[in-house]
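# Structural description and commentary
Okay, here's what each chain looks like letter by letter:
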Amino acid sequence: MLRDPSVKYRPFPQIDLPDRQWPSRTITKAPRWLSTDMRDGNQALIDPMDSEKKTRFFELLCKVGLKEIEVGFPSAGATEFDFISGLVQHDKIPDDICIQVLTQSRRDLIETTFQSVKGAKQAIVHLYNAVSPAWREVVFRMTRDEVREIAVAGAKVLRDEAAKQPDTQWHFEYSPETFSTAELDFSVEVCAAVMDILRPTPERPLILNLPATVEAATPNIYADQIEWFCRNVPNRDSLVISLHTHNDRGTGVAAAELGLMAGADRVEGCLLGNGERTGNCDLVTVALNLYTQGVHPGLDLSDIDEIVNTVNYCTNIPVHPRTPYAGDLVFTAFSGSHQDAIKKGFAAQAERNDQLWNVPYLPIDPRDLGRDYEAVIRVNSQSGKGGVAWVLEQDRGLKLPKRMQADFSRHVQALADETSRELNAADISGLFEMVYLPGASDRFALVDYAESGAAGVRTFAGTLSVDGVQQSVSGRGNGLISSVIAALRETCGVVLDVVDYNEHAIGHGADAQAAAYLECRTADGTTVFGAGIDADVATASVRAVLSAANRT
């Protein structure tokens, strides 16, 4: 890297828009969406999609609810042409879907493009040519007038070719490619010249796409460019302003959102952000950002895993686990403090009398996207007692008291440190059984028992296995738990004082079980915990006492 990058790079100039309005605006409705997965997305792949994958992707886009789909660049070759014409000829396009085809501003390419969609009920033909100084001066070596004439000539061919196929409902889109790095007045000039040829009306508007072909500035500058353009282009009511952002600086989504605030009507992009270089705007992220603000995007993203799996299959590009909303880990907390906040959030959510979502660290309910809560909290060496308790509750239905959570968390932490890996639900459940539930090495095990007596004076008479030898024991107390503790004290010399007791049902109906938890203090002041699980709540409490005794 250079010591002084200013000798090589220049800051992007600000837009002269002192009375800009977009910063105070809010997005209150969904834009029109265009998927360019099958064009921009496909051309960016190492191995472009074959016909089977294109068909599968097209079907996914239709299922998600995209109504405008750019299906390809027909003049690029026979593969593209045949696929697009096949969609039309084999009636594969639903009536409510408008396909879009892309072409450079050359007569032969435009004519081929129209031939590819011959017979379609409706179609958008998307014409483009680059207009920025770098392309004019370096790539084309043309003047502004010559570049404008390319656009005008192409618009005339669009008009004439559409007239030859009057049975199709034609829509036109024009892109001053490289808009974000071009002079704004020249972009307006070129677009106005195209409008003079195509004569859009409010009933039949022209789509003007204003692409950040290469993202070269902060998203607020792109928003300024969009607002300036919308103010200065003629016949704004006869236009649909479309945004086509890229992610070269990592802010393609932000640029699209601010562009909508600046007055745009439509967003172009790819599912999960595929595309050239760093990718196109991620339509899923923009849509779900709207959703979390209470605005329905008009897209069905309720099975996010199907979208991820299809995109992965068709593009052969894995979805990063941190991809917003769609990644495997985006709803997962390993940190102890995060886990505790989420656990408390879910508990508070269950007690609410309305549907308002308010769970810390989760901006959206995973279930809205077809995910469950099992993976929300996962346990490793960074996790705390809240996360461990959450996993046990989700996996086994066990609701450990708070102090017992801390006790068990020490064992989980030791296992995580020992194994140096994430602990799954089976690991944690197995560890809970080993620590608290009956095991072969236990000193005390329940064989059988009977309880008798009146309220306030109870008698426990039972058979225990003590160090592997069955032994009859008995004790009296004001309840079952105190009578078991008395039996242990009188027969085995184990002294326990009850500090806390909790119980709850696991499951519902005839197959429900009971879980009992006991916190005790020993003669030397040590705190021990016990747990018992049984179909009978009384037996579960007896097992909890013996569990605590086994830990003395």
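First, a word on scope: everything that follows refers to the structure included in this document. For every chain, the first residue of its written sequence is number 1, and the numbers climb from 1 along that sequence. Only residues with pLDDT of at least 70 get local features here, since the model is predicted, and only at 80 or more are side-chain atom pairs given and counted; chain-wide, interface and lining totals rely on the full set of residues. To get the side-chain values, take all heavy atoms of the structure and skip hydrogens and water.

### A few points about helix 7 (residues 184–198)
To keep things clear, this is the line we draw: Runs of H or I in DSSP of at least four residues are treated as helices and runs of E of at least two as strands, each being numbered from the N terminus. A helix's residues, less one, multiplied by 1.5 Å, set its expected span. The classification of residues rests on relative accessible area computed with a 1.4 Å probe and restricted to protein chains. Under 20% of the type maximum is buried, over 50% is exposed, and intermediate values are partly exposed. Contacts are assigned to residue pairs that have any heavy atoms within 4.5 Å of one another.
Taking 1.5 Å per residue as the helical rise, helix 7 with its 15 residues ought to reach 21 Å, and the 21 Å between its terminal C-alpha atoms agrees with that figure. Of all the residues in helix 7, the buried ones are Leu184, Phe186, Ser187, Val188, Val190, Cys191, Ala192, Ala193, Val194, Met195, Ile197 and Leu198. Next to the buried residues of helix 7 lie helix 5 (133–140), helix 6 (144–164), strand 5 (169–177), strand 6 (206–212), helix 8 (219–232) and strand 7 (239–245). Directly beyond the C-terminal end of helix 7, a positive phi value near 50 degrees is found at arginine 199.

### Looking at empty space enclosed by the protein
Stated precisely, the cut-off is as follows: Put simply, the grid is 1 Å and covers the protein atoms alone, a cavity is a trapped set of points that fit a 1.4 Å probe, a pocket is an open set with protein on both sides within 12 Å along at least five of seven lines, and lining residues have an atom within 4 Å of a point. Grid points are joined across faces, edges and corners, and a volume is the space filled by probe spheres set on the points. Classification convention: Asp, Glu, Lys, Arg as charged; Ala, Val, Leu, Ile, Met, Phe, Trp, Tyr, Cys, Pro as nonpolar; all other residues, Gly among them, as polar.
Inspection of every chain in the model, using the stated rule, returns 1 cavity of 30 Å³ or more. One number sums up the size of the largest cavity: a volume of about 110 Å³. Forming the boundary of the largest cavity are 16 residues, of which Ser180, Ala212, Ala216, Ala217 and Tyr222 lie nearest the centre. Across the lining of the largest cavity, the residue classes break down as 9 nonpolar, 6 polar and 1 charged.

### Concerning the nonpolar core
Generally speaking, soluble globular proteins have nonpolar side chains that are buried together. The condition is simple: The set of buried Ala, Val, Leu, Ile, Met, Phe, Trp, Tyr and Cys residues whose side-chain atoms join them within 4.5 Å is what this entry labels a nonpolar core.
Counting residues in each nonpolar core, the largest one holds 130 residues, and the members touching the most others are Leu208, Phe408 and Phe432. Broken down by element, this core gets its largest block of residues, 10 residues, from helix 7. Apart from residues no more than four positions distant in its own chain, phenylalanine 432 is found in contact with Leu392, Leu398, Leu400, Met404, Phe408, Leu437 and Ala531. If you look at the next biggest cluster of nonpolar residues, it comprises 28 residues, including Leu464, Val494, Cys520 and Ala540.

### Details of the pattern of salt bridges
Formally: The rule for a salt bridge is simple: a side-chain nitrogen of Lys or Arg has to be within 4 Å of a carboxyl oxygen of Asp or Glu.
Counted according to the given criterion, the structure contains 35 salt bridges. Linking aspartate 91 and lysine 121 is a salt bridge whose minimum nitrogen-to-oxygen distance equals 3.5 Å. Of this pair, aspartate 91 sits in the loop between helix 3 (78–89) and strand 3 (98–104) while lysine 121 sits in the loop between helix 4 (107–116) and strand 4 (122–130), and the two are 30 residues apart along the sequence. For aspartate 91, a relative accessible area of 54% puts it in the exposed group. A network of salt bridges, in which partner residues are shared, links Arg136, Arg144, Asp145, Arg148, Glu183, Asp185 and Glu189.

### With respect to the side chain of serine 541
Along the polypeptide, serine 541 turns up in helix 17 (residues 537–549). Among residues more than four places away in sequence, those in contact with serine 541 are Leu480, Ile481, Tyr501 and Ala516.

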